[in-house]
Amino acid sequence: MGKAKSVNWRLKLKGFGPFANQLDCSMSSSSAKAAIYAGNGQGKSTISRLFRLAENPQMTCPRDLITRGAAKGTFSFTVGDSSSSLGSLEIDSSTGVDNQLGYLFHVFNSDYVRDNLQSRSYRPSGDIEGYIVGKSNIDLSNERQKLDDILQRGVNAKNVLAKTIEESKSELISLGAGRVKEFQGLDVDLLMNRPVEEDCYFDKIGQLRAVSELPDDAQVPDRLRFDYSYLDLDQLASLLERPYSKANFAEAFLEKVRRDAEFIKAGMRIQDGNCCPFCGRRYDEEARSLIGQYDSYLKDQEAAVIAKLRDKRALLSQLISDYGHLETQVLRGSFSYGEMKRGFDDLAGENFPTFVTTDDFAAIVKAVMSEVDKKIDDITRPISADAVKQLRDVLEACQPKLREANDLIGRLASDLGKSKARKTALRKDACIELGKRVRREQREAFEEIAALRAEYKSLEAEIRVKEAQNKRSKKEAVAQLMAELLTNVFGDRYVFDEADFTIRFKGEALGESADSVLSDGEKAALAFCFYIASTWELINEEDDKNKLFFVIDDPVSSMDFNYVYSIMQIIKGLQGAFGLNRARILLLTHNVAFFNMLMGEHLFSGAWMLDGGQVVKVKNELLAPYASHLRAISNVADGAMPDHTTGNSIRQVLETLMHFEDPSIKELGVYLNSDFGKDLREVACLQLICNDQSHGARTYGYVQPPMDVSLIRRGCSAVLRHIRERYPGQLVTAGIDVSESRPAS
């Protein structure tokens, strides 16, 4: 039979707990069982909590597990043999757990106790579902092959459809829609459950593109303004329609005045009555007479009416110019509005109003000006005001269009102010509409995948029915093992009722009173028993058992020797309890006595110590200070001369045993007088040896008995016999002869 391959574990972590710096250690042993001793604060709890994340990969990495000040933490646990690597467990606080080993990690630590028992007042939960499928004689290879074929066809069909969806999403991504939640809904599985319906994807994507193309500093068109209040149309109509009398002047004079009216009016305003304001000549009598006629004419009604008509004509000319400016505003506003409105639903169907062109408007105004010219030529003649009425109608029709245009401009300005929110809304709508479009256009592909899934589900159910012919309830398996473990640990003191899934004390169910009835040590033992029994919850098929990996962190807290021994026996029997090909166990503890006990009984083939961020292999001479004290006592018992440290070695060994066997005992004297120390009382002054040689002898108050060499040697021999009878493995581990024939003291 060939030599078994060694098991190699490599543990690396950084950024978790106290491991601010990289921990990188390799552990090699002849079995897959290793024990690590660590003092408080060295990081063993951090290691067990990381393995618990692997047991529950859906859990989020707790923030308090990451080293303070570190951005993230990384953890790696690699398993191999002497020739190859079997895989690794990788944990990253940012990305989660990647269990390439395929192991079923099962972790016992304070978190497990808190979540599964302490929070329930130490009442084990019976909410356990599922079955463990055994190795059946039924041949399901054909069915499983068919199941795999269906699965592969489904995967292929899904991949093709997923690629189509990805290609269709490119436009959305280019328009920034990849950041909205609805974009994540463009997934085969999510679209599968949607109904087939019509979509308006292209409308939404067009609006989104229009809004996305708007510059961040896009300006809305200026509001339209057209004020013609300076033109009194009523007065103009009255001037035209009313006949006026002509002035009583010679026709030749009137003709000259009408022809040069503006020039004459200007000269009359600036002349001083003596000289011509234009040539500077002094007026003669004839000139003075003519100036008098001019003055009389200008004060006459005909001159006043003609002046008003000329003013109106000038205003009409201004009106044409102002309307030309309005038309320019309208053209610019209409273009900008048309470009910007496409991104906004409330404006998409609203068109900018159209106005009369400047040419058409000018023709209407010029018709009025023609009538004014006729009136100026003959003020005695009434002129129809129909042209004025037509102009009034055009101007009045312009007003509601101005209000409509300005309303649209105002709404556009409001929408632009909300363009960021509009972009987000359109991105969401476009994603939803694309989903509808893909669901409709790829209807046959979705139906094919749905049919394959239904066929797979049906065949899988059929296989399960056949497999169920040889299956076991997980709850029953947990309850049965729990009952056995409690009997092994507590005898008939506490009994586990498998039917009610409860602990009974003297025939009565403890229920919620378990927390107050059980001592701390009993609670710890109960928690460990339930941890072991609950292993069945991890197993779905018989072969899953050989994927188990136990991580056990300080299982003997607050326990006396009897319970500690029972826990050790449970750990020792794990392979047989579950029928394992190999038991994989990583045990972590800060209890020196428990650590030495495990090593002494050869339960673990490898022992290591975690200290100061380093893991080192523990050799026999470095197992623990306890071993050094044992060897010192053995040397004195074998004839070596005692010294000032001998009493302290005896005290250290006995107090370690005292705390291990009954943590409630606080004084060494109480221990020596208890049933635990009855075989030590043959050396009556054993406690005195410890006190005097550990703390210094008192020189007053009582007569100190002599402490000769033979008395001290007798005490050392008594301690060695005490250990040989109870824990011989400790002597073996310390390299001390355990035979009865060792030299007598």
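Higher on the page you've got the structure.
All of these numbers come straight from a predicted model, not from anything done at the bench. (Residues numbered from 1 in each chain as written. Predicted model: local features only at pLDDT ≥ 70, side-chain atom pairs only at ≥ 80, totals over all residues. Heavy atoms only, no water.)

Trainee: Mind showing me how you'd approach the overall build of the chain here?
Mentor: Within the chain, the secondary structure is distributed over 29 helices and 16 strands. Expressed as a percentage of its 745 residues, the buried residues of the chain come to 45%. Within the chain, contacts between residues at least 6 apart in sequence are counted, and of these 73% link residues at least 24 apart. Carbon and sulfur atoms make up 47% of the accessible area of the chain, which totals about 38,400 Å². (Helix = DSSP H or I, 4+ residues; strand = E, 2+ residues; numbered from the N terminus. Buried < 20%, exposed > 50% of the residue type's maximum accessible area, 1.4 Å probe, protein only. Contact = heavy atoms within 4.5 Å. Areas by Shrake-Rupley, 256 points an atom, 1.4 Å probe, with all protein chains shown as cover.)

Trainee: Just to check I follow, could you spell out the sheet that holds strand 6 (residues 96-99) for this structure?
Mentor: Within a beta sheet, neighbouring strands are joined by backbone hydrogen bonds and run either parallel or antiparallel to one another. Read across the sheet, 5 strands follow the order 2-1-4-5-6 without closing on themselves; strand pairing throughout is antiparallel. A strand with exactly one partner marks an edge of an open sheet, and here the two such strands are strand 2 (23-29) and strand 6. Each strand axis lies, on average, 10 degrees off the axis of its neighbour in the sheet, ignoring direction. The sheet contact formed by strand 1 (residues 7-14) and strand 4 (residues 74-81) spans 8 bridges and is antiparallel. Paired with Leu-11 across the bridge in strand 4 is Phe-77. Sheet strands in contact with helix 1 (residues 44-55) are strand 1, strand 4, strand 5 (85-92) and strand 6, and its direction is about 100 degrees off that of strand 5. (Pairing = 2+ DSSP bridges. Axes fitted to C-alpha atoms, helices over the stretch in contact; angles between N-to-C directions.)

Trainee: What am I meant to see in the environment of Gly-134 here?
Mentor: Locating Gly-134 in the fold gives a position in the loop between strand 8 (131-133) and helix 3 (141-168). On the basis of relative accessibility, which here comes to 18%, the residue Gly-134 falls in the buried class. For the pair Gly-134 and Arg-472, spaced 338 residues apart in the sequence, the C-alpha separation amounts to 7.5 Å.

Trainee: In this structure, what is going on with the sheet that holds strand 10 (residues 494-497)? I would like to understand it.
Mentor: Taken together, the 3 strands give an open sheet; going across it, the order is 10-11-12, and neighbouring strands pair in antiparallel fashion. The open sheet has two free edges, formed respectively by strand 10 and strand 12 (508-509), since each of these has just one partner strand. As paired strands, strand 10 and strand 11 (residues 502-505) are joined by 4 bridges and run antiparallel to one another. By the bridge assignment, Asp-497 is partnered in strand 11 with Thr-502. Taken strand by strand, helix 18 (residues 474-490) contacts strand 10 and strand 11, and its axis lies near 175 degrees from that of strand 10.

Trainee: What exactly am I supposed to notice about the environment of Leu-526 here?
Mentor: Residue placement: Leu-526 occurs in helix 20 (residues 520-533). A residue is classified by how much of its surface remains accessible, and Leu-526, at 1% relative accessible area, is buried. For the pair Leu-526 and Met-482, spaced 44 residues apart in sequence, the C-alpha to C-alpha distance is 9.2 Å. Discounting chain neighbours no more than four positions away, the residues touching Leu-526 are Tyr-122, Met-482, Leu-486, Phe-490, Ile-503 and Leu-518.

Trainee: Before we go on, may I ask you to explain the environment of Thr-67 in this structure?
Mentor: Topologically, Thr-67 is positioned in the loop between helix 1 and strand 4. Owing to a relative accessible area of 9%, Thr-67 belongs among the buried residues under this scheme. In this structure the C-alpha to C-alpha distance between Thr-67 and Asn-21, which are 46 residues apart in sequence, comes to 9.8 Å. Discounting chain neighbours no more than four positions away, the residues touching Thr-67 are Gly-15, Phe-16, Gly-17, Phe-19 and Ala-20. Polar contacts involving the side chain of Thr-67 include one to the main-chain carbonyl oxygen of Gly-17, which spans 2.8 Å. (Polar contact = N/O pair within 3.5 Å; in protein donor to acceptor, adjacent residues only side chain to side chain.)

Trainee: For this particular structure, what's the right way to read the pattern of salt bridges?
Mentor: Opposite charge on two side chains makes pairing possible when the charged atoms of those side chains draw close. Throughout the structure, instances matching the rule amount to 33 salt bridges. One salt bridge connects Asp-189 with Arg-453, and the closest N-O pair in it is separated by 2.4 Å. Here the residue Asp-189 occupies a position in helix 6 (residues 188-192), and Arg-453 occupies one in helix 17 (residues 443-467), the gap between them amounting to 264 residues. You can call Asp-189 partly exposed: its relative accessible area is 28%. Exposure remark for Arg-453: the relative accessible area of 36% places this residue in the partly exposed category. Its salt-bridge partner being Asp-515, residue Lys-523 comes within 2.7 Å of it at the nearest N-O pair. By relative accessible area, which is 12% here, Lys-523 ends up buried. Several salt bridges share partner residues, and in doing so they unite Arg-49, Arg-52, Asp-64, Asp-111, Arg-114 and Asp-115 into one network. (Salt bridge = Lys/Arg side-chain N within 4 Å of Asp/Glu carboxyl O.)

Trainee: How should the pairing of strand 5 be read in this particular structure?
Mentor: Remember that side chains alternate between the two faces of the sheet whenever the strand is regular. Note that strand 4 and strand 5 share 7 bridges and pair antiparallel. Note on strand 5: the bridge partner recorded for Gly-80 is Ser-85. The antiparallel pairing of strand 4 with strand 5 creates a hairpin that spans 3 residues between the two strands. Pairing between strand 5 and strand 6: 4 bridges, direction antiparallel. Its bridge partner lying in strand 6, Leu-89 is registered against Asn-99. Linking strand 5 back to strand 6 in an antiparallel pair, the connection comprises 3 residues.

Trainee: Just checking my understanding: could you explain the packing of helix 20 against helix 21 (residues 561-572) for this structure?
Mentor: Two measures define how a pair of helices packs: the angle their axes make with one another and the distance between the axes. Packing of helix 20 against helix 21 leaves a shortest axis separation of 11 Å and a crossing angle of 10 degrees. What the angle tells us is that helix 20 and helix 21 run roughly parallel. Residues Gly-521, Glu-522, Ala-525, Phe-528, Cys-529 and Ile-532 of helix 20 touch helix 21, and the partners they reach there are Tyr-563, Ile-567, Ile-570 and Ile-571. When grouped by side-chain class, the residues that make up the contact of helix 20 with helix 21 number 8 nonpolar, 1 polar and 1 charged. (Parallel < 35°, antiparallel > 145°, perpendicular 65-115°, else oblique. Nonpolar A, V, L, I, M, F, W, Y, C, P; charged D, E, K, R; others polar.)

Trainee: Hey, could you run me through a nonpolar patch on the surface in this one?
Mentor: On the surface, Phe-263, Ile-270 and Phe-278 cluster together to form a nonpolar patch covering roughly 350 Å² of accessible area. Along the chain, the position of Phe-278 falls in the loop between helix 10 (261-270) and helix 11 (285-298). (Patch = residues over 30% accessible without salt bridge, like charges linked within 9 Å, V, L, I, M, F, W, Y side chains within 5 Å.)

Trainee: What is the right way to read helix 23 (residues 592-600) from this model?
Mentor: For an α-helix the count is 3.6 residues per turn, leaving residues at separations of three or four pointing the same way. Of all 9 residues making up helix 23, 8 are buried, and the element is well covered by its neighbours. Those residues of helix 23 not exposed but buried are Ala-593, Phe-594, Phe-595, Asn-596, Met-597, Leu-598, Met-599 and Gly-600. Between the side-chain oxygen of the N-cap and the backbone nitrogen of Phe-594 there are 2.9 Å, and the N-cap of helix 23 in question is Asn-591. Downstream of helix 23 by a residue or two, His-602 has a phi angle that is positive, lying close to 55 degrees.

Trainee: Would you mind going over the packing of aromatic side chains with me for this structure?
Mentor: In this description, a pair of aromatic rings is defined by centroid distance and the angle of the planes. For the structure on display, the rule yields 31 aromatic pairs. Ring geometry for Trp-9 and Phe-77: centres 5.6 Å apart, planes at 65 degrees, overall edge-to-face. Pair noted here: Trp-9 is in strand 1 and Phe-77 is in strand 4, with a separation of 68 residues, a long-range link. No difference in accessibility class separates Trp-9 from Phe-77, as the two residues are buried. (Phe/Tyr/Trp six-rings, centres within 6.5 Å; stacked < 30°, edge-to-face > 60°.)

Trainee: Looking at this structure, how should I read unusual backbone geometry?
Mentor: Keep in mind that most residues, glycine aside, have a negative phi and that most peptide bonds are trans. Look at Tyr-122: it is not a glycine, yet its phi comes out positive at around 60 degrees. When you line up the elements, Tyr-122 lands in the loop between helix 2 (110-116) and strand 8. In this model, Phe-501 sits at a positive phi of 55 degrees, which is unusual for a non-glycine residue. In this structure, Phe-501 sits in the loop between strand 10 and strand 11. The exposure class assigned to Phe-501 is buried, which follows from its relative accessible area of 7%.

Trainee: Would you explain the pairing of strand 14 (residues 585-589) in this entry?
Mentor: By the criterion of burial, strand 14 is predominantly enclosed, with 5 of the 5 residues buried. Here strand 3 (residues 33-38) runs beside strand 14; their pairing, made up of 5 bridges, is parallel. Each residue of the ladder has a partner; that of Ala-34, found in strand 14, is Leu-586.

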